[in-house]
Amino acid sequence: MIKTVKKIFVFVLLFVSLHVQAQDGAYEITDESYTDTSVEMADVMRENGKIYVVVAVVLMLFAGIVVYLVLLDRKISRLEKEMGLRTKGEIE
Amino acid sequence: MKKKWWKILTVLLLTYSILGAFLFDVPRLAILNETIRNLHFHVTMWFGMIILLTVSVIYSLRYLRSNNMRLDHYAVEFANAGVLFGVLGIATGAVWANYSWGEPWSGDPKQNSAAIALLIYLAYLVLRNSLEDSQQRAKISSVYNVFAFAALIPLLFILPRMTDSSLHPGNGGNPGFNSYDLDSRLRVVFYPAIIAWTLLGVWMVSLRVRYKNLKMKWDD
C-alpha cells in the first residue's frame with residue numbers, strides 16, 4: 001500500500017517538475033500573449049488594410065509559379081504520351 | 001496530369017498557409033514581434049527538408065535491394081529537393097537572425113551543424129557527378145546517402161541540443177517550438193504549411209524524375 005502511494009507521489013512530483021520545466025520557456029504563449037499591447041506589432045498596417053496589398057502581391061507571385069509548374073507538367077505529360085511511356089509516371 | 005488531386009491540394013494548402021501566415025492573429029512576443037510569422041515559412045523549410053531527405057534515403061535503400069535504376073532517380077531527385085529546401089532554410093534563417101540575433105551568421109551551434117549537414121549532402125551530389133558508369137554511380141551514391149542521412153539526424157537534432165550557448169529555439173536550454181506548438185492558433189497554419197511545402201517539393205521531384213525517365217528512353 002505504502003509502495004503504491006510512494007509511486008503515485010513520485011509520479012505526481014514528476015509531472016509537477018515537467019510542468020515547471022515547461023514554464024521556464026521565455027516564450028510561454030498564453031491567451032494574454034495575443035492581447036499584450038506593450039509589445040509593438042504592425043497594428044497600423046493591419047488597421048489601414050495595407051497588409052492586403054502585400055498579401056495580394058505574394059499570392060500573385062505564387063499564382064504565377066503555379067501556372068508555370070502546371071504548364072511544365074502538361075508538357076512532360078505530352079512528351080510521355082509521344083514517347084509511349086505510361087502517362088502515370090508519378091511517384092511510386 | 002493524371003492523379004492531379006494532390007497537386008490541387010498542394011496549391012490550396014499553400015494559398016491557405018500564405019493567407020494564414022500574414023493575416024491570422026499571432027501572439028505578441030518581445031524581440032520576435034511580427035517576425036514570429038516566419039515560423040510558417042522558415043521552419044516549414046526544415047520540416048520539408050527532413051521529410052524529403054528521409055524519403056530519399058528510403059529510395060536509396062530500396063535501390064540497393066533491387067538494383068532498379070528508377071529508384072535511384074527518385075533518391076537523387078528527393079535529395080535535390082531536400083537540399084534546395086535546406087539552402088532556403090539556412091538563407092531565410094540568416095535573414096531572420098539578422099533582425100532577432102543582431103547578425104546573419106553568429107556561428108550558432110544550430111547554424112553550424114545545419115551548414116555541415118548541407119555540405120555533406122552537397123558532397124553527395126558532387127560525388128554522383130564524378131562517376132561515369134551509371135550503375136556504379138547509383139550504387140556508390142546510394143551507400144553514401146545512407147551515411148549522409150545518419151550524419152544529418154545527430155547534426156540537426158542532437159548536437160545543437162547538447163550545447164548551452166545556442167540562441168536558436170529548442171537548443172541549449174532555449175524554449176523550443178514545442179512551446180509554440182502548445183499554441184493551437186499557430187498550429188492551424190503551421191502544420192498545413194509543412195504539408196503544403198513538402199507536397200510542392202514532391203511535385204518538383206516528380207517533374208524531374210519524369211524528365212529523367214524520358215531522357216533514359218530517348219537515349220535508348
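About the criteria used
Residues numbered from 1 in each chain as written. Chains lettered and ligands numbered in written order. Predicted model: local features only at pLDDT ≥ 70, side-chain atom pairs only at ≥ 80, totals over all residues. Heavy atoms only, no water. Helix = DSSP H or I, 4+ residues; strand = E, 2+ residues; numbered from the N terminus. Buried < 20%, exposed > 50% of the residue type's maximum accessible area, 1.4 Å probe, protein only. Contact = heavy atoms within 4.5 Å. Areas by Shrake-Rupley, 256 points an atom, 1.4 Å probe, with all protein chains shown as cover. Salt bridge = Lys/Arg side-chain N within 4 Å of Asp/Glu carboxyl O. 1 Å grid on protein atoms, 1.4 Å probe; cavity = no way out; pocket = protein on both sides within 12 Å on 5 of 7 lines; lining within 4 Å. Points joined across faces, edges and corners; volume = space filled by probe spheres on them. Nonpolar A, V, L, I, M, F, W, Y, C, P; charged D, E, K, R; others polar. Patch = residues over 30% accessible without salt bridge, like charges linked within 9 Å, V, L, I, M, F, W, Y side chains within 5 Å. Lys, Arg positive; Asp, Glu negative; His and termini not counted. Charge placed at Lys NZ, Arg CZ, Asp CG, Glu CD. Axes fitted to C-alpha atoms, helices over the stretch in contact; angles between N-to-C directions. Parallel < 35°, antiparallel > 145°, perpendicular 65-115°, else oblique. Left-handed = near helix turned anticlockwise from the far one by under 90°. pLDDT = per-residue confidence, 0-100. Phe/Tyr/Trp six-rings, centres within 6.5 Å; stacked < 30°, edge-to-face > 60°. Lys NZ or Arg CZ within 6 Å of the ring centre and 35° of its normal. Buried area = accessible area lost by both parts, 1.4 Å probe. Polar contact = N/O pair within 3.5 Å; in protein donor to acceptor, adjacent residues only side chain to side chain.

### Quick notes on the overall build of chain B
Now for step 1: Counting its secondary structure elements, chain B contains 7 helices and 0 strands.
Now for step 2: The linear arrangement of helices and strands in chain B, starting from the amino end, is α-α-α-α-α-α-α.
Now for step 3: Buried positions account for 51% of the 220 residues belonging to chain B.
Now for step 4: Within chain B, contacts between residues separated by at least 24 positions form 72% of all contacts whose residues are at least 6 apart in sequence.
Now for step 5: Carbon and sulfur atoms make up 67% of the accessible area of chain B, which amounts to about 10,200 Å² in all.

### Concerning the overall build of chain A
Now for step 1: The secondary structure content of chain A amounts to 3 helices and 0 strands.
Now for step 2: Element order for chain A, N to C, with α for helix and β for strand: α-α-α.

### Points about the pattern of salt bridges
Now for step 1: As enumerated under the stated definition, the model contains 10 salt bridges over all chains in all.
Now for step 2: One salt bridge connects D72 of chain B with R128 of chain B, and the closest N-O pair in it is separated by 2.9 Å. Residue D72 of chain B is found in helix α3 (residues 69–100), and its partner R128 of chain B is found in helix α4 (residues 109–130); the two are separated by 56 residues along the sequence. As far as the burial class goes, D72 of chain B and R128 of chain B line up, both buried.
Now for step 3: A single network of salt bridges, built from pairs that share partners, joins D73 and E80 of chain A together with K7 and R210 of chain B.

### Regarding the layout of surface pockets
Now for step 1: Quantified by volume, the second largest pocket comes out at close to 700 Å³.
Now for step 2: If you go around the second largest pocket, you meet 24 residues; those closest to its centre are F41, M45, L88, T92 and W197 of chain B.
Now for step 3: Among the elements of the structure, α3 (51–82) of chain A together with α1 (5–23), α2 (42–66), α3 and α7 (184–219) of chain B are those that each provide at least two residues to the lining of the second largest pocket.
Now for step 4: By residue number, the principal contributor to the lining of the second largest pocket is α3 of chain B, which donates 6 residues.
Now for step 5: Looking at side-chain class alone, the lining of the second largest pocket contains 18 nonpolar, 4 polar and 2 charged residues.

### As for a positive patch on the surface
Now for step 1: A cluster of basic side chains, namely R74, K75 and R78 of chain A together with K4 of chain B, defines a positive patch on the protein surface.
Now for step 2: By the element assignment, R78 of chain A lies in helix α3.

### So, the packing of α2 of chain B against α3 of chain B
Residue and element names in this part refer to chain B.
Now for step 1: Between α2 and α3, whose axes approach to 7 Å, the crossing angle comes to 160°. With respect to each other, α2 and α3 are oriented roughly antiparallel. For the crossing formed where α2 meets α3, the hand is left-handed.
Now for step 2: Residues that form the contact of α2 with α3 fall into these classes: 21 nonpolar, 10 polar and 2 charged.

### As for the confidence of the model for chain B
Now for step 1: Residue-level pLDDT values for chain B average 90, and 94% of them are 70 or greater.
Now for step 2: Across chain B, element-level confidence peaks in α2 of chain B with a mean pLDDT of 96 and bottoms out in helix α6 (residues 177–181) of chain B with 52.

### Considering the packing of aromatic side chains
Now for step 1: One pass over the full model with this rule turns up 7 aromatic pairs over all chains.
Now for step 2: Ring geometry for F22 of chain B against F41 of chain B: centres 5.9 Å apart, planes inclined by 50°, an arrangement best described as tilted. One end of the pair, F22 of chain B, is in helix α1; the other, F41 of chain B, is in the loop between α1 and α2, with 19 residues separating them in the sequence.
Now for step 3: Measuring from ring centre to ring centre gives 5.8 Å for F190 of chain B and Y191 of chain B, while their planes differ by 40°; the resulting arrangement is tilted.
Now for step 4: Residue classification places Y191 of chain B among the partly exposed positions, given a relative accessible area of 39%.
Now for step 5: Counting every residue linked through ring pairs, the aromatic cluster contains F47, F190 and Y191 of chain B.
Now for step 6: Over the face of the ring belonging to Y34 of chain A we find R185 of chain B, whose NZ or CZ atom lies 3.6 Å from the ring centre.

### Here we look at a nonpolar patch on the surface
Residue and element names in this part refer to chain B.
Now for step 1: A cluster of nonpolar side chains, contributed by L61, L64, V143 and F147, occupies part of the molecular surface with about 350 Å² of accessible area.
Now for step 2: Where the nonpolar patch is concerned, the elements lending two or more residues are α2 and α5 (134–158).
Now for step 3: On the accessibility criterion, L61 (42% relative accessible area) is partly exposed.

### Section: the interface of chain B and chain A
Now for step 1: Contacts between the two partners involve 47 residues from chain B, matched on the other side by 43 residues from chain A.
Now for step 2: Both faces combined, the contact of chain B with chain A buries some 4,400 Å², and carbon together with sulfur accounts for 65% of it.
Now for step 3: Broken down residue by residue, the surface that chain B buries against chain A is led by R28, R210 and L214 of chain B, which jointly contribute 20%.
Now for step 4: Put simply, chain B and chain A have 5 salt bridges between them.
Now for step 5: Note that D73 of chain A is salt-bridged to R210 of chain B, the shortest N-O span being 2.9 Å.
Now for step 6: Where chain B packs against chain A, one counts 13 residue pairs in polar contact (both at pLDDT 80 or more).
Now for step 7: For the side of chain B that touches chain A, the elements supplying multiple residues, two or more each, are α1, α2, α3, α6 and α7 of chain B.
Now for step 8: In terms of residue count, the dominant contributor to the side of chain B that touches chain A is α7 of chain B (13 residues).
Now for step 9: Residue composition of the side of chain B that touches chain A, by class: 29 nonpolar, 5 polar and 13 charged.

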